[in-house]
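Spelled out from the first residue to the last, the chains are:
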Amino acid sequence: MTTITAMRLASVVTAINVLVATGFSVAAIINPQYLVPAAAPTEGSLLLAMYAAAPRIPLALLVLGAVYKQAAPSLLILGALAGGMQLLDAGIGLFEHDPGKSAGPLFIAVLQFVVVYLLHKSMRITPQTKSG
């Protein structure tokens, strides 16, 4: 796989990953019933939703900046971080014994780690000697 193809693939997957995660976090702030229909909005649920959104919003902005600048090394780090966050979200779904809340994030995490690996693999170039 060429570096350009791997960069495009990693850019698309990572951008979708962080934008969807950020969207869920912001939706929980605006109206918790979007995510948990039986939930009654309380000050505690709002606070937890804000804590969930706090790391995801800057991550999404940094990922979009890395995609715009085509900064592959930054995308490697941010993509691995986004995949790790999805893996932790899958763990929360497992803790809740909810297959739906664990399967989706687990799938996204695996996909994220695969594209990060492909980008990393495509960037490995043998060192060139200086000709002079």
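Residues numbered from 1 in each chain as written. Predicted model: local features only at pLDDT ≥ 70, side-chain atom pairs only at ≥ 80, totals over all residues. Heavy atoms only, no water.

Observations concerning the overall build of the protein chain
If you tally the helices and strands in the protein chain, you get four helices and zero strands. Helices and strands appear in the protein chain in the N-to-C order α-α-α-α. For a compact globule of 132 residues, the expected C-alpha radius of gyration is about 14 Å, and the protein chain comes in at 18 Å, more than 25% above that figure. Overall, the C-alpha framework of the protein chain stretches about 70 × 25 × 15 Å when taken along its three principal axes. The buried share of the protein chain, taken over its 132 residues, is 31%. Partitioning the intrachain contacts of the protein chain with sequence separation of at least 6 by distance along the chain shows that 66% fall at a separation of at least 24. (Helix = DSSP H or I, 4+ residues; strand = E, 2+ residues; numbered from the N terminus. Rg over C-alpha atoms; globule rule 2.2 N^0.38 Å. Buried < 20%, exposed > 50% of the residue type's maximum accessible area, 1.4 Å probe, protein only. Contact = heavy atoms within 4.5 Å.)

Re the packing of helix H1 (residues 3-30) against helix H4 (residues 99-123)
Contact pair H1 / H4: the axes reach a minimum separation of 9 Å and the direction vectors enclose 155°. The angle between the axes of H1 and H4 places the two elements in the roughly antiparallel class. Crossing of H1 against H4: the hand is left-handed. Within the contact between the two elements, H1 uses Thr3, Ala6, Met7, Leu9, Ala10, Val13, Thr14 and Asn17 and H4 uses Ile108, Leu111, Gln112, Val115, Leu118, Leu119, Ser122 and Met123. The class makeup of the residues in the contact of H1 with H4 is 11 nonpolar, five polar and no charged. (Axes fitted to C-alpha atoms, helices over the stretch in contact; angles between N-to-C directions. Parallel < 35°, antiparallel > 145°, perpendicular 65-115°, else oblique. Left-handed = near helix turned anticlockwise from the far one by under 90°. Nonpolar A, V, L, I, M, F, W, Y, C, P; charged D, E, K, R; others polar.)

Overview of the nonpolar core
Counting 18 residues, the largest nonpolar core has Val18, Leu59, Val63, Leu75 and Leu119 as the members making the most contacts within it. Of all elements in the fold, only H1, helix H2 (43-69), helix H3 (72-95) and H4 reach the threshold of two or more residues within this core. When residues of this core are assigned to their parent elements, the largest contribution, six residues, is made by H3. (Core = buried A, V, L, I, M, F, W, Y, C linked by side-chain atoms within 4.5 Å.)

Observations concerning H4
In this model H4 runs 36 Å from its N-terminal to its C-terminal C-alpha over 25 residues, within 8% of the 36 Å that 1.5 Å per residue would give. Residues of H4 that are buried include every one of Ser102, Pro105, Ala109, Gln112, Val115, Val116, Leu119 and Ser122, and no others. Tucked inside the fold, the buried residues of H4 contact H1 and H3. Structurally, the start of H4 carries an N-cap: the backbone nitrogen of Gly100 is 3.1 Å from a side-chain oxygen of Asp98. (Expected span 1.5 Å × (residues − 1). Polar contact = N/O pair within 3.5 Å; in protein donor to acceptor, adjacent residues only side chain to side chain.)

Examining the pattern of salt bridges
Per the stated rule, a full pass over the model turns up two salt bridges. Notably, a salt bridge pairs Asp89 with Arg56, separated by 2.7 Å at the nearest N-O pair. Within this pair, whereas Asp89 is found in helix H3, its partner Arg56 is found in helix H2, the two being separated by 33 residues in sequence. (Salt bridge = Lys/Arg side-chain N within 4 Å of Asp/Glu carboxyl O.)

Describing the confidence of the model for the protein chain
Confidence along the protein chain averages 91 in pLDDT terms, with 92% of residues attaining 70 or more. Element-level pLDDT for the protein chain is lowest in H2, with a mean of 93, against a maximum mean of 96 in H3. (pLDDT = per-residue confidence, 0-100.)

Digging into a nonpolar patch on the surface
On the surface, a cluster of nonpolar side chains totalling about 1000 Å² of accessible area is made up of Val12, Ile16, Val20, Phe24, Val26, Ile30, Tyr34, Leu35, Val36, Ile57 and Leu61. Elements supplying a minimum of two residues to the nonpolar patch: H1 and H2. Relative to the helices and strands, Val26 is located in helix H1. (Patch = residues over 30% accessible without salt bridge, like charges linked within 9 Å, V, L, I, M, F, W, Y side chains within 5 Å. Areas by Shrake-Rupley, 256 points an atom, 1.4 Å probe, with all protein chains shown as cover.)

Some points on unusual backbone geometry
Excluding glycine, a negative phi dihedral is what most residues carry, and trans is how most peptide bonds are arranged. The residue Gln70 is not glycine, and still its phi comes out positive at about 55°. Counting through the fold element by element, Gln70 comes out in the loop between H2 and H3. Gln70 sits in the exposed class, given a relative accessible area of 63%. In this structure, His97 is a non-glycine residue whose phi angle is positive, near 55°. Its place among the elements puts His97 in the loop between H3 and H4. For His97, a relative accessible area of 71% puts it in the exposed group.

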